[in-house]
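A structural walkthrough
Listed here are the chains, written in short residue letters.
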Amino acid sequence: MMELSAIMKDKLNAGDNVVALHEGVLLQGWSPKAHRLLALVERNLSFGLFIFTTSRNPPQAFTDLTINFVVPIDNDFKCDIDSLSAESNSDIYINLSARNFKLLMGMDSGHETNHFFNELSRSMDLYLKNQQTLDFQWLKKYNINDIDLELGLMMNINGDNTSNSIITANMAVPENDVSFPTGTHTLSSRESVIQRQMILSEEQYTNAQHFRIYIGTWNVNGQPTMSSLNDWLTCDSEPPDIYAIGFQELDLSKEAFLFNDSPREEEWLQAVTKSLNSKGNYKKVSLVRLVGMMLIVFVKNKHMDHVKNVATDTVGTGIMGKLGNKGGVAVRMDFHNTSLCFVNTHLAAHVEEYERRNQDYQNICSRMVFSNFTPPKTVKDHNQVYWFGDLNYRITEMDPLSVKDLVRKNNFKNVLEADQLKQQHRAGNVFKGYKEGLINFLPTYKYDPGTNDWDSSEKNRAPAWCDRILWRGNSIKQLAYRSHPNLLISDHKPVSALFESEVRVVDMTKYRKIHEHIMKKLDKAENEYLPQVMVDNTEIIFHKVKFMEPQLKELTVANTGQVPVQFEFIKKLDDSTYCKEWLRIEPFMSFIDPGEKCDITLEVLIDKRSAYKMISGQDKLYDILVLHLDGGKDIFITVTGNYERSCFGCSLETLCYLKVPIKNIPFGKLMELENNKSNMTSDPYPVPKEVWYLVDHLYRHGLKQEHLFEQSGLRSEFVQIRNWLDNGTPDALPGSVHSVAEALLILLDSTSEPIIPYNLHATCLSAVSYYSQCKQIISQLPERSKNVFLYLCAFLQELLNHVNDNKLDVKTIASVFGEIFIRDPPRSRSDKSGHTRTSMSRKKTNFVYHFLVNDQSDLIINTSF
């Protein structure tokens with residue numbers, strides 16, 4: 001090994017020291033048992049792991065060594081010793097992984113192996129101790145001379161995705177390269193392999209270039225635009241390459257809140273456009289808005305040819321996930337060869353509601369989907385993510401006077417120790433994997449509008465850094481993070497951050513050379529190998545599945561062959577989808593490298609769309625999945641489960657006949673009630689007892705609660721409320737009034753037919769101008785539906801009698817219950833244009849509005865509840 005060390009020293013640059021050397025067997029690839037040489041190299045206390053191939057074994061000169069890959073030993077590097085392996089002729093498996101690298105090696109056990117990994121472990125410890133001062137620039141001086149396809153198969157550059165994720169359109173395609181299809185088209189197996197290998201080899205044909213990205217966020221408190229935003233948007237002398245500007249509370253009018261329609265959108269767009277740095281010429285890439293949240297992305301004109309695959313999405317996190325008073329909007333794009341995602345959010349308000357803010361964050365992460373890709377992309381599926389907005393995290397465990405006193409002394413450090421976002425981030429509850437720059441500016445909330453004075457209202461809110469900018473991804477350097485106190489119109493101050501971000505830019509000469517090389521190796525591999533996989537379980541069983549309570553199982557598919565395998569779950573004959581509506585599979589298609597495995601998550605969720613079918617016997621927890629291998633066989637997987645019946649999903653008619661908790665009703669009897677309502681003989685309740693329990697609780701505890709039926713509840717409390725209703729218990733109804741209010745809406749939204757049956761919807765919407773006609777329609781409803789409608793309207797009228805306390809608005813309540821009383825048929829919303837949906841929402845609101853402002857005593861049946 002001493003002789004090999006001397007050869008290695010000739011291969012390396014002066015000053016780079018070999019700390020440890022070891023040989024191993026590559027256990028993945030297109031040729032079996034490929035030998036590799038691993039070298040741990042040090043310079044100025046920073047370490048790199050070098051992977052070599054050798055033309056002779058053992059090598060006789062440094063020219064026998066070819067560097068395949070260089071990995072810095074930094075925060076992203078991991079080394080795990082796996083299980084024993086009999087078939088590899090090695091004693092142990094070693095998993096090495098980093099940001100764009102994954103390697104499975106087999107090594108003989110013994111003293112040399114122990115020494116090598118002891119040194120590797122020591123280098124990792126030294127990085128943790130000295131990471132603030134370490135410099136890895138010396139590693140970039142090494143040229144990677146060989147495109148090693150076996151090694152390339154283990155490399156993954158798709159952001160935070162695992163190596164099991166298929167990569168189809170995450171990198172922009174060079175111009176005029178017709179052999180590299182992207183977008184929403186489904187790729188053939190051969191095209192997919194080529195595209196994946198090109199992505200895995202990206203380091204070889206791209207150069208790193210730095211671009212400046214400006215992120216701005218401002219909660220404008222519904223105020224009209226200012227004449228100039230220069231203090232905010234042109235505070236840097238050098239114009240950025242990209243602007244991403246986010247607003248919250250752009251428009252606080254009921255028109256914007258209820259119907260997502262606002263003239264402020266165009267006003268603020270013009271103001272922003274006029275205030276961009278005049279030294280740069282910009283073009284708008286995209287604008288997306290949901291109620292008061294708006295995001296605009298601009299790019300310099302000269303870069304526009306390198307912007308591809310732009311997409312947007314919105315997520316409302318208001319009550320039932322519908323109202324867009326809180327939530328997020330996002331724009332994603334490919335810029336050169338790097339995927340960027342900008343997310344502007346407005347999370348739940350109020351000091352004590354940090355759990356609701358955490359829940360909003362999780363909802364946005366799970367529901368924000370860019371569906372015009374195959375497979376669809378989520379926020380995490382990007383190389384760089386910039387997340388910003390009014391995140392609303394406050395200062396706790398410190399009274400307002402103490403906060404103001406510390407802030408006045410610029411003692412931000414002690415105040416930030418009580419910052420909820422810092423606390424929740426450290427605990428791993430939110431923004432896992434994200435970074436935030438050092439905060440050395442005044443809190444951004446709450447000010448008396450028009451001043452720089454702290455809140456002087458009777459609430460005397462403690463100052464807080466509500467408005468934040470975070471990011472995730474590699475090779476991002478924050479150059480500035482600041483607030484802009486000279487803009488006075490709002491109770492918030494705008495915030496901005498400037499980043500220098502590394503973007504991969506294609507060298508077309510290298511690109512074509514590598515593309516040709518991969519094509520030739522693929523031609524050879526296709527002639528030699530067929531795909532082979534093993535599945536760890538072909539019978540997936542879910543136990544005790546409950547309404548709106550997701551349950552997860554994992555399925556592992558391992559590639560036991562010698563070539564990459566692409567799999568996909570496909571539709572069975574005569575089926576419209578590859579799985580039932582209550583089942584979600586992630587990923588439903590993917591690549592697996594030789595020797596690798598893919599962990600597939602199967603999630604069962606019985607929601608309002610499927611609950612009634614389960615209760616009535618129209619569907620059951622049973623499905624057969626077809627796992628298709630490109631160029632190989634199909635594998636059949638059965639999914640079964642046991643659904644625990646719930647009052648959620650029953651019809652109003654059936655609920656009225658249930659005199660005991662639904663858990664005490666045999667399943668057969670429940671199906672009989674749902675399917676043979678004409679045979680019911682016992683006297684029904686005038687309204688379901690479950691509706692009465694929830695309304696009575698709100699009547700006794702929620703009449704004066706602000707934002708009732710606007711603010712979402714906690715999912716954990718909904719589960720408690722559901723169990724209380726289904727099981728029956730002498731204990732008090734659990735949960736906050738917000739969670740009880742949302743549970744009521746979910747219950748009404750989950751019935752097989754809405755309170756006003758589908759066949760009367762057109763009649764209702766055509767009658768909205770005339771209260772007398774609306775009354776006539778209600779008088780002709782089925783008895784139980786009419787009772788529930790009038791009972792709820794009477795409660796809502798009482799709720800609106802307390803507007804001085806609860807600050808509710810009749811139009812808002814009418815809008816929320818309009819969508820419940822006149823619920824759209826399943827999947828109908830996707831068939832309508834935005835204008836049509838807005839028009840229908842207005843009509844539904846107007847219909848319910850009549851019954852909230854007029855007397856219905858002549859309609860109400862004298863019934864005691």
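**So, the nonpolar core**
Membership of the largest hydrophobic core comes to 150 residues, with the highest contact counts inside it found for Phe 342, Phe 709 and Phe 847. Broken down by element, this core gets its largest block of residues, 10 residues, from helix H22 (residues 783-800).

**Remarks on the packing of aromatic side chains**
Tallying each qualifying case throughout the model produces 37 aromatic pairs. On the numbers, 5.1 Å between centres and 70° between planes, the contact of Tyr 243 with Tyr 282 is edge-to-face. In this pair, Tyr 243 is assigned in strand E9 (residues 242-248) and Tyr 282 in strand E10 (residues 282-290), connecting sequence segments 39 residues apart. Across the pair, exposure class does not vary: Tyr 243 and Tyr 282 are buried alike. Look at Trp 387 and Tyr 434: their rings are 6.1 Å apart centre to centre, the planes differ by 85°, and that puts the pair in the edge-to-face class. Linking Trp 387 in strand E17 (residues 384-390) with Tyr 434 in the loop between helix H12 (420-426) and strand E18 (467-472), this pair joins segments that are 47 residues apart in sequence.

**Notes on the pairing of E10**
In the sheet, E10 pairs with strand E11 (residues 293-300) via 8 bridges, with the strands oriented antiparallel. Within E11, the residue paired with Ser 286 across the bridge is Val 297.

**Quick look at the packing of helix H18 (residues 715-727) against helix H19 (residues 737-749)**
One way to put it is that H18 packs onto H19 with a least axis distance of 9 Å and a crossing angle of 65°. Of the two possible hands of crossing, H18 and H19 adopt the one that is right-handed. Taken together, the residues of H19 that come into contact with H18 (itself represented by Arg 715, Glu 717, Phe 718 and Ile 721) are Ser 739, Val 740, Glu 742, Ala 743 and Ile 746. Residues belonging to the contact of H18 with H19 are distributed by class as follows: 5 nonpolar, 1 polar and 3 charged.

**Some points on the packing of H22 against helix H24 (residues 810-821)**
Taken N-terminus to C-terminus, the directions of H22 and H24 make an angle of 160°; their axes are 11 Å apart at the nearest point. By the angle between their axes, H22 is roughly antiparallel relative to H24. As for how H22 packs across H24, the hand of that crossing is right-handed. Side by side, H22 and H24 meet where Phe 789, Leu 792, Cys 793, Leu 796 and Leu 800 of the first sit next to Val 810, Ile 813, Phe 817 and Phe 821 of the second. For the contact of H22 with H24, the class distribution of residues is 9 nonpolar, no polar and no charged.

**Remarks on H22**
If you check H22, its first and last C-alpha atoms are 26 Å apart, about what 18 residues at 1.5 Å a residue would give, namely 26 Å. The element H22 is extensively covered by neighbouring structure, given that 14 of its 18 residues are classed as buried.

**Topic: the pattern of salt bridges**
Close approach of charged atoms allows side chains of opposite charge to pair. Counting across every chain of the model gives 37 salt bridges. The partner of Glu 436 in a salt bridge is Lys 422, with the nearest N and O atoms 3.4 Å apart. Of this pair, Glu 436 sits in the loop between H12 and E18 while Lys 422 sits in helix H12, and the two are 14 residues apart along the sequence. Several salt bridges converge on common partners, so that one network encompasses Asp 419, Lys 422, Glu 436 and Arg 468.

**What to know about the sheet that holds strand E25 (residues 583-586)**
Taken in spatial order, the 4 strands of this open sheet run E21-E23-E27-E25, and their pairing is antiparallel. Both edges of this open sheet fall to strand E21 (533-535) and E25, since each of them pairs with a single strand only. Taking the axes of each pair of neighbouring strands and ignoring which way they run, one obtains an average angle of 25° across the sheet. In terms of strand pairing, strand E23 (residues 551-559) meets strand E27 (residues 597-604) through 8 bridges, oriented antiparallel.

**Notes on the pairing of E17**
In terms of burial, E17 is a largely internal element, 7 of the 7 residues being buried. Across 7 bridges, strand E14 (residues 338-346) lies against E17 in parallel orientation. Paired with Leu 340 across the two strands is Gln 384, which belongs to E17. Looking at chain direction, E17 and E18 are connected through 6 bridges and run antiparallel.

**Concerning the sheet that holds strand E28 (residues 622-629)**
Taking strand neighbours across the sheet as the criterion, the 5 strands line up as E22-E29-E28-E24-E26 in an open arrangement whose pairing is mixed. Strands with a single pairing partner mark the edges of an open sheet, and in this sheet they are strand E22 (539-545) and strand E26 (589-592). The average angle at which neighbouring strand axes cross in this sheet is 20°, direction not considered. Relative to E28, strand E24 (residues 565-570) is paired through 4 bridges, and the arrangement is antiparallel. The residue bridging Phe 569 from the neighbouring strand is Leu 627, located in E28.

**Details of helix H17 (residues 689-701)**
Here H17 contains 13 residues, and its C-alpha end-to-end distance of 18 Å stays within 8% of the 18 Å for a straight helix at 1.5 Å per residue. Here H17 has its buried residues at Lys 689, Glu 690, Val 691, Leu 694, Val 695, Asp 696, His 697 and Leu 698. For H17, the elements touching its buried residues are helix H15 (652-657), H18, H19 and H22.

**Comments concerning the confidence of the model for the protein chain**
Residues of the protein chain with pLDDT of at least 70 account for 88%, and the chain-wide mean is 86. Across residues 83-90 the pLDDT falls below 50, and counting only partners more than four positions away or on other chains, this stretch makes 16 contacts in the model. Under a pLDDT of 50 for its full length, residues 145-187 has, in the predicted model, 142 contacts with residues more than four places off or in other chains.

**A few points about unusual backbone geometry**
The peptide bond linking Tyr 445 to Lys 446 adopts the cis configuration, its omega dihedral lying at 0°. Summarising the element assignment, Lys 446 is placed in the loop between H12 and E18. The omega torsion of the bond from Glu 586 to Pro 587 falls at -5°, within 30 degrees of zero and hence cis. Tracing the chain through its elements places Pro 587 in the loop between E25 and E26. For Lys 807, which is not glycine, the phi torsion reads 60° and is therefore positive. By secondary structure assignment, the location of Lys 807 is in the loop between helix H23 (803-806) and H24.

**Details of the side chain of Asp 607**
Here Asp 607 is to be found in the loop between E27 and helix H14 (608-616). Residue class for Asp 607 comes out buried when judged on its relative accessible area of 14%. A polar contact of 3.0 Å, which involves the side chain of Asp 607, links it to the backbone nitrogen of Arg 609. Residues contacting Asp 607, with those up to four places away along its chain left out, are Phe 547 and Met 548.

Rules and cut-offs
- Residues numbered from 1 in each chain as written.
- Predicted model: local features only at pLDDT ≥ 70, side-chain atom pairs only at ≥ 80, totals over all residues.
- Heavy atoms only, no water.
- Core = buried A, V, L, I, M, F, W, Y, C linked by side-chain atoms within 4.5 Å.
- Buried < 20%, exposed > 50% of the residue type's maximum accessible area, 1.4 Å probe, protein only.
- Helix = DSSP H or I, 4+ residues; strand = E, 2+ residues; numbered from the N terminus.
- Phe/Tyr/Trp six-rings, centres within 6.5 Å; stacked < 30°, edge-to-face > 60°.
- Pairing = 2+ DSSP bridges.
- Axes fitted to C-alpha atoms, helices over the stretch in contact; angles between N-to-C directions.
- Left-handed = near helix turned anticlockwise from the far one by under 90°.
- Contact = heavy atoms within 4.5 Å.
- Nonpolar A, V, L, I, M, F, W, Y, C, P; charged D, E, K, R; others polar.
- Parallel < 35°, antiparallel > 145°, perpendicular 65-115°, else oblique.
- Expected span 1.5 Å × (residues − 1).
- Salt bridge = Lys/Arg side-chain N within 4 Å of Asp/Glu carboxyl O.
- pLDDT = per-residue confidence, 0-100.
- Polar contact = N/O pair within 3.5 Å; in protein donor to acceptor, adjacent residues only side chain to side chain.

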